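Residue-level structure breakdown
Residues per chain, in single letters:
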Amino acid sequence: MVEAFALRHPFVPLALAYVFGVCLGWRWALPLPWLFTAAFLCTFAVICRPAWRGAMLWPLLVCLGWTNMAFRSAVVSPHDLRVLAVGKPELLVLRVRLTETPSFKVFVRDEQESWRSHVVVEVEALKRHGEWQPANGLVAVVTPGVVATNYFTGRVVEMTGILRVPPGPPAADLFDYRAFLAWQGIHFQLHCADTNDWRLIDEASGPTAPPWTDRFLGWSQRVLARGLPVEDEELRLLWAMTLGWKTALTDEVSEPFMRSGTMHIFAISGLHIALIAGILVAVLRAMQLPRGACGAIIVPVIWFYTAATGWQSSAIRSTIMMTVIIVGWAVRRPSNLLNSLAASGFIILIWEPTQLFQASFQLSFFVVLSIALLMPPFEVFRQRCLQADPLLPDELRPRWRRWLDPVIHAVSTSLATSLAAWFGSLPLIAYYFHLFTPGSLLANLIVVPLSSLALMCNLGALVCGDWLPWVTDAFNHSGWLFMRGMIWFSKWSITLPGAFWHVRTPTLFVFFAFYATVLFLVLGWLWSPSRRVLAWSVLAVLAVIWLGAEWQTRDEVRVTVLGHGGNAIFCDRPGKENDLLVDCGGESGVKFLVEPFLHAQGLDSLANVALTHGDQRRVAGFKRIDTVFHPQFIFTSPVRSRSPAYREVLDQLEAAPARWHKVSAGDSVADWEVLHPARGSKFDRADDNALVLRSTIHGLRVLLLSELGAAGQRDLRTKQLDLRADVVIAAMPDQGEPLNEELLAAIQPRLIVVADSEYPVLKRAKPALIERLKVTGVPTLQLAKTGSLTLKFASDGLAVRSVEGVALAMLAPLAER
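Residues numbered from 1 in each chain as written. Predicted model: local features only at pLDDT ≥ 70, side-chain atom pairs only at ≥ 80, totals over all residues. Heavy atoms only, no water.

Section: the sheet that holds strand 21 (residues 751–755)
Under the convention used in this document: Strands qualify as paired when DSSP identifies two bridges or more between them. For the purposes of this entry, the term helix denotes a DSSP run of H or I that reaches at least four residues, the term strand denotes a run of E that reaches at least two, and both are numbered from the N terminus. Any two residues having at least one pair of non-hydrogen atoms within 4.5 Å are treated as being in contact. As a rule, the C-alpha atoms of each element are fitted with a line to give its axis, helices using only the stretch in contact, and angles between N-to-C directions run from 0 to 180 degrees.
Taken in spatial order, the seven strands of this open sheet run 16-17-18-19-20-21-22, and their pairing is mixed. Every other strand in the sheet has two partners, leaving strand 16 (668–669) and strand 22 (780–782) as the edge strands with one partner each. Bridge analysis of strand 16 against strand 17 (residues 672–676) gives two bridges, and the strand direction is antiparallel. What sits directly across from Ser668, in strand 17, is Glu673. Most of the contacts of helix 24 (residues 710–717) go to strand 17, to which it runs at about 105 degrees, and overall it touches strand 17, strand 18 (692–697) and strand 19 (700–706).

A word on the pattern of salt bridges
Threshold: A pairing counts as a salt bridge when a side-chain nitrogen of Lys or Arg comes within 4 Å of a carboxyl oxygen of Asp or Glu. Three exposure classes are used, based on accessible area relative to the maximum for each residue type with a 1.4 Å probe and protein chains only: buried under 20%, partly exposed in between, and exposed over 50%.
If you walk through the whole model with that rule in mind, you get 35 salt bridges. Between Arg504 and Asp572 there is a salt bridge, with the nearest N and O atoms lying 2.3 Å from each other. Of this pair, Arg504 sits in the loop between strand 9 (501–502) and helix 18 (508–523) while Asp572 sits in strand 11 (residues 568–572), and the two are 68 residues apart along the sequence. When its relative accessible area of 41% is taken as the criterion, Arg504 is described as partly exposed. According to the relative accessible area criterion, Asp572 is buried, its value standing at 11%.

Here we look at helix 3 (residues 32–48)
So the rule is basically this: Expected helix span is taken as 1.5 Å per residue step, with the number of steps being one fewer than the number of residues. Read the arc as the range of directions from the helix axis to the C-beta atoms.
For helix 3, which comprises 17 residues, the first-to-last C-alpha distance of 24 Å matches the rise-based estimate of 24 Å (1.5 Å per residue) to within 8%. Within the sequence span of helix 3, burial applies to Leu32, Leu35, Ala39, Cys42, Ala45 and Val46. Down the axis of helix 3, the buried side of the element spans an arc of 160 degrees, and every buried residue falls inside it. Away from the buried face of helix 3 by more than 90 degrees, exposed residues Pro33, Trp34, Phe40, Leu41 and Ile47 are located. As for helix 3, its buried residues are in contact with helix 4 (53–73).

Focus: the sheet that holds strand 25 (residues 807–811)
Across the sheet, which stays open at both edges, the nine strands sit in the order 15-14-13-12-11-10-23-24-25 with mixed pairing between neighbours. Strands at the two margins of the open sheet, each flanked by one partner only, are strand 15 (660–662) and strand 25. With direction set aside, neighbouring strand axes in the sheet form an average angle of 15 degrees. With five bridges connecting them, strand 23 (residues 789–794) and strand 24 (residues 797–801) associate as antiparallel partners. Of the residues in strand 24, the one forming a bridge with Phe793 is Leu798. Sitting on the sheet, helix 20 (residues 587–600) is in contact with strand 10 (557–562), strand 11 and strand 12 (580–582), with an inclination near 160 degrees to strand 10. Taken strand by strand, helix 23 (residues 644–654) contacts strand 13 (608–611), strand 14 (633–636) and strand 15, and its axis lies near 135 degrees from that of strand 14.

Just distances and angles here, no functional claims.
Listed below in structure tokens is the structure:
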């Protein structure tokens, strides 16, 4: 069976062996001389020893993949930025060559638009302490504002800014920007203050005009806007879909497409390339050109389109695959989608092996792979369901049924294709975007045909251009109408019950179990008399392992202290009814950290929210939390505040009194005891009125002090309460320090977490404070240094981990507490 499969799909085992080598190169980066020697010996054996060729081909492919991956990620030059960088942010002047024309991103905050210029540059030299020295490496440059149009691909520029390592994930399970750039060979970011930090130094000798791709983009945008009254959202999205212009895809615009599972239409991908190739095949075959001539015309045209849209990785992948398919069709080779997919993947990974670890590559290939594997059984089932009575002559069937047959065929085929693609991408979408989107089956059924029509209209407009203006205008208005329909339907589809919901990040075991089930389904083993016992036994074992893992973690409690300006703490208990979000941060903190973090925990709603006090940095984002997560209960201190943001929150809560609970010392908040403030007490400063909460989790006491100020600390200490706690989490008050000597002695903590932040400076813990706390001998973690922390409580104690998963502290329960 395996040999027959290899004969039908010869590129599949070759590609798998090479991919295995790439994975080894990622996991174990051996010295390059060893790898080159092993690859040379394997190559020599394959070429010079015909008897060994069959056996040595597989080690050769593994060695090639391993060597290629190790070479692409190794430091091979003494001038590499990874060698020259000092390891901390540094003000430098870089001489760079632009590898692309700067792109622009727009951010909307408080209904105000702000623009940033983004570009990847190749460093040629750096200036440190007034002296230039050679340097090389790719750097991602971010600059507020829009740079001038005379900065384009190939220009040599001097840039002044802060060179630093890109930020990692702001919290567990969130997007890792550092890893995203690293897979593209970019290990540093340069932050320029404004566009004045850019200076051209090749004005006399450099290129005088932008590259043809930039000129084509400008011309295409002008043509596609012809006849339309304004540059609106629909037009900008048409530019994004047809030309790869990413500026239009802001977070607000992208959200309905992401949640409806239709975001893929804005990537220059297989849909675009296949449509262009299909149109050309139809036209050229209608002109009665032979297959060879068709292939000779189509392949350069699709590569021209890939170049004109900026050589996007998704476009290159799709074009390589379409080239393989078109060439095979042109030379009259039998079509084999699975073999063509393996061949194109093999070529791409030889060119750039790091693509294997990029989300776009994985999504593209798993979707096409699932279509190739699942469509045959789906097609058999579809035909079985729709098959007419073979004994009934066609002319005796009702006319309406005969008219309806093509429509049913098209819709059912589209649905089957969408279902196959959905199965292939399901775990990956959950892993990268924390989404489960059953509504995407319906959304893609409508949006994909509309996008094809819109793309055809745009291509027609580009062909007609300025030569047939009235035809161009007609195409543009039609494309605008189709895009309007796509926007409306995407937004409507996510309002349907169960259209989408957020899920936790699946584990590697879940990936394996899911794709094993799909494989058994494709092979038909689940129903085959000779194989079904084995298949169902394997699935049963996987189910037992999964249930065992879930049972072991059934009582785990996770407390996450969010850094990077999040100003929030989330307690995740078994079930959802006792989950608690303590504070929520400001508006930007909620949008960029707290909301994505909660979604990554699989939450679309919240049971409990506690707002400790009226600090704007802790409560200003509540309106968005309330809109997105609809918390069932909101707890606040009974003390009002002068803060406008907090008063606005209280006014909002007064409209829903059933959800609002004012709590004081002695009350409880979702398994947390309130220790402060006492009923009837009131302090002048908002920090001193902050809620203080304590809970016992698996035998360990946890105390949350929020930003409790000096007066509040004294009041808490004088209440003669048993304040002992194993873990204390304290933030920085506006005045003074947290955890004064008397309070610290009363708490007797075994672990201190100072929930400070890098910015603003007022909220950053001073070195003297950290030194004072460390002198006590108690392990002290500073959030501004560690980033967000996850405290995992289990029956055997507490484990504290950083965002990267590094263990920072461990505690075991004490019997006396």
